[in-house]
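# Structure at a glance
Now for the letters of each chain:
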Number of protein chains: 4
Amino acid sequence: MTGPDGGQPAPFRRADFDVLRTITTRWEDEDVYGHVNNVVYYSFFDTAVNGHLIDATGTDIRRLDAVGLVAETQCEFLRELAFPDDVQAGLAVTRIGTSSIVYRIGLFQGQSPEPAAIGRFVHVYVDAATRVVTPIPEAVRAAVSPLLVEPDATTSGSA
Amino acid sequence: MTGPDGGQPAPFRRADFDVLRTITTRWEDEDVYGHVNNVVYYSFFDTAVNGHLIDATGTDIRRLDAVGLVAETQCEFLRELAFPDDVQAGLAVTRIGTSSIVYRIGLFQGQSPEPAAIGRFVHVYVDAATRVVTPIPEAVRAAVSPLLVEPDATTSGSA
Amino acid sequence: MTGPDGGQPAPFRRADFDVLRTITTRWEDEDVYGHVNNVVYYSFFDTAVNGHLIDATGTDIRRLDAVGLVAETQCEFLRELAFPDDVQAGLAVTRIGTSSIVYRIGLFQGQSPEPAAIGRFVHVYVDAATRVVTPIPEAVRAAVSPLLVEPDATTSGSA
Amino acid sequence: MTGPDGGQPAPFRRADFDVLRTITTRWEDEDVYGHVNNVVYYSFFDTAVNGHLIDATGTDIRRLDAVGLVAETQCEFLRELAFPDDVQAGLAVTRIGTSSIVYRIGLFQGQSPEPAAIGRFVHVYVDAATRVVTPIPEAVRAAVSPLLVEPDATTSGSA
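Right, let's walk through the structure included here. Quantities reported herein were computed from a predicted structural model and do not represent experimental measurements. Throughout, a residue's number is its position along its own chain's written sequence, starting from 1. Labels follow written order: the first chain is A, the first ligand is 1, and so on. Local features in a predicted model are, by the rule used here, given only for residues with pLDDT of at least 70; side-chain atom pairs are given and counted only at 80 or more, and totals for whole chains, interfaces and linings are based on all residues.

### Topic: the relation of the copies chain A and chain B
We count it as follows: Superposing copies: least-squares fit, C-alpha atoms only, residues required to have pLDDT of at least 70 in both.
Between chain A and chain B, the superposition needs a rotation of 180° and an axial shift of 0.0 Å, giving an RMSD of 0.0 Å. Classification of the inter-copy transformation places it as that of a two-fold axis. No C-alpha of chain A lies nearer the rotation axis than that of Thr24 of chain A, which sits 2.8 Å from it.

Okay, here's the thing in structure tokens:
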């Protein structure tokens, strides 16, 4: 595995993630090539991040005054995923800015310690009504701070 | 709840289903009205039926000589479903024909014994290569026979 | 084609629909069997109905005081649909009640006058805030009235 | 707009794309925030690339001996997309290797020359049976060669 810059292999394995969330696969997830379609991996990212935020804050984050909109995502597809086995989504945070949070996500299936995919997911917080960029809500900041790890070479600045 | 014929309430509760399968919801499942979109319920049906068939037969049913194509589905939406709670899909079989199987599916969320939706799902078996209607594979027939219950008034004949 | 009651063939062809809306298919729509997955047909129904309502009312119906929630849907799958050809969704209305509208939808692909699927789609209007059943908004009623046709034998009462 | 490296604005506008493909949005595409969910943008990428390949080659690329699997994708979300307007997906190719093709995709809606999103989409060709990396089929290479543009700073090497 190489990063988007063609750099060093990124050694992210299942044990590197403190938070692992289980997501069930769906029949519909598989495409004509008999594996989970690439688009669906991003649904796993979206679900893991928002599900963790709801659980860790104890708050329905959709109803806060500031909501996280997705500014950038990226995924490297390393192994196929298949229905019907569950997927484990590992979550880490590589940057917490004033208004943005950068997540690293690893997807795993079966017993393998190696990821099927490694993703990057950037939330930027905006005012729910005006959609103007605004600071990360305190409840969210507190929830993600324990997930902060060293950034990797492919993680660069966002707002 | 009334059936498609506007008839009697159908008394299908969680305890009426011998098989219950857990499906995790996804952030993307919710639509602009803040609840799981109606289309997604059918993905739960599809996933519950095929997942059970794979588990109960111990076979990757997609690679059999005869595969089940969906001939008809129907759903009554009774209560809203929401992310991030899990959904339980209850499975029963109301008819086993020569080439077709009619399933009843109940979707449940939280502790409620009452369904959020009751669905009907009809598989017709066809030859995987020619797509000509063909008898139900023995492994599948054996897997679904224990789920057979009395049909309800809304379940009518299909091939 | 037989109705859900195993009755007479339903003679709904492309020319039977006054409104036809074009929907592009997506690569992801196809499943492991190499055809558009059954779940996606309901996304076509949802899109055709709501898209027509927005166009015909000239109003963003999502922001009205009363919104249409889906109470029941049903689909008979008659022919396969495939990517990348467009789908035409034909729309008719078989019943307009005080609070509910029943649509008949036909899906067509290529030059065939025969439908790939015939669906039933029931909207019940509720107060957007309280979700209590409420009369159909006048703008919506005016938009759907021209689509009213004779109900077929499979269309029965809903609220 | 800044690239993943936080660098210079990328000046990709509608007129910069020689190929523009129309994709209809779906009601289900919108999420709880009332805009097209981030995951769906990748379905637009997938659909634009594969649809163009099918049209430009005149071949059902899914049945070739070598098929393109997705190795990496990335998206910057710049403006919201909404139902029911159509999306235009602009296609360019920034690199053609022995076995891989890197696409740049711009998504546009309404009359704006500015993109709602800029994406990167990497196909790696594999033998359809063994999934071993293999050269790009000639028909595909011929189809994408006219789309080749100067790579941007964010496009780096892949196989």
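After presenting the structure, the write-up continues.
### A short note on the environment of Ala117 of chain D
Residues and elements named next belong to chain D. As a reminder of what qualifies: Numbering of helices and strands runs from the N terminus, with a helix taken as a DSSP run of H or I at least four residues long and a strand as a DSSP run of E at least two residues long. Here a residue counts as buried when 20 or more other C-beta atoms fall within 10 Å of its C-beta, as exposed when 12 or fewer do, and as partly exposed in between; the C-beta atoms come from the backbone. Two residues qualify as being in contact provided that their C-beta atoms, derived from the backbone, are within 7 Å of each other.
Tracing the backbone through its elements, the reader meets Ala117 in strand β5 (residues 117-127). A residue is classified by how many C-beta atoms lie within 10 Å of it, and Ala117, with 26 of them, is buried. C-alpha separation for the pair Ala117 and Ala89, spaced 28 residues apart in sequence, amounts to 9.6 Å. Residues within four places of Ala117 in sequence aside, it is in contact with Tyr41, Cys75, Glu76, Phe77, Leu78 and Leu107.

### What to know about the sheet that holds strand β4 (residues 100-109) of chain D
Sheets are built from strands that pair by backbone hydrogen bonding, the pairs being arranged parallel or antiparallel. Counted only if it meets this: A pair of strands is considered paired only if DSSP assigns at least 2 bridges between the two. Structural elements are reduced to axes, namely lines fitted to C-alpha atoms, with helices fitted over the stretch in contact, and the angle between N-to-C directions of any two is expressed from 0 to 180 degrees.
Read across the open sheet, the 10 strands follow the order β1(A)-β3(A)-β4(A)-β5(A)-β2(A)-β2(D)-β5(D)-β4(D)-β3(D)-β1(D); overall the sheet is antiparallel. Because the sheet does not close on itself, it has two edges, and the strands there are β1 (19-23) of chain A together with β1 (19-23) of chain D. In this sheet, adjacent strand axes meet at a mean angle of 30° when their direction is disregarded. In terms of strand pairing, strand β3 (residues 87-96) of chain D meets β4 of chain D through nine bridges, oriented antiparallel. The residue of β4 of chain D that forms the bridge with Val93 of chain D is Tyr103 of chain D. Against the sheet, helix α1 (residues 38-57) of chain A makes contact with β1, β2 (66-77), β3 (87-96), β4 (100-109) and β5 (117-127) of chain A together with β2 (66-77) of chain D, and its axis sits at roughly 125° relative to β1 of chain A, the strand it touches most. The sheet strands contacting helix α1 (residues 38-57) of chain D are β2 of chain A together with β1, β2, β3, β4 and β5 of chain D, and the helix crosses β1 of chain D at an angle near 125°.

### Quick word on unusual backbone geometry
With an omega of 10°, the peptide bond between Phe83 of chain A and Pro84 of chain A qualifies as cis. Here Pro84 of chain A is to be found in the loop between β2 and β3. Positive phi, close to 65°, is recorded for Arg131 of chain B, a residue that is not glycine. Tracing the backbone shows Arg131 of chain B in the loop between β5 (117-127) and α2 (138-144). In this structure Arg131 of chain B comes out as partly exposed when scored by C-beta crowding, with 13 C-beta atoms within 10 Å.

### A word on the pairing of strand β2 (residues 66-77) of chain C
Among the 12 residues that make up β2 of chain C, 11 are buried, leaving the element largely enclosed by the rest of the structure. The pairing of strand β2 (residues 66-77) of chain B with β2 of chain C spans five bridges and is classified as antiparallel. Paired with Glu72 of chain B across the two strands is Glu76 of chain C, which belongs to β2 of chain C. Of the strand pairs in this sheet, β2 of chain C and strand β5 (residues 117-127) of chain C are connected by 11 bridges, and their pairing is antiparallel. Its bridge partner lying in β5 of chain C, Gln74 of chain C is registered against Arg120 of chain C.

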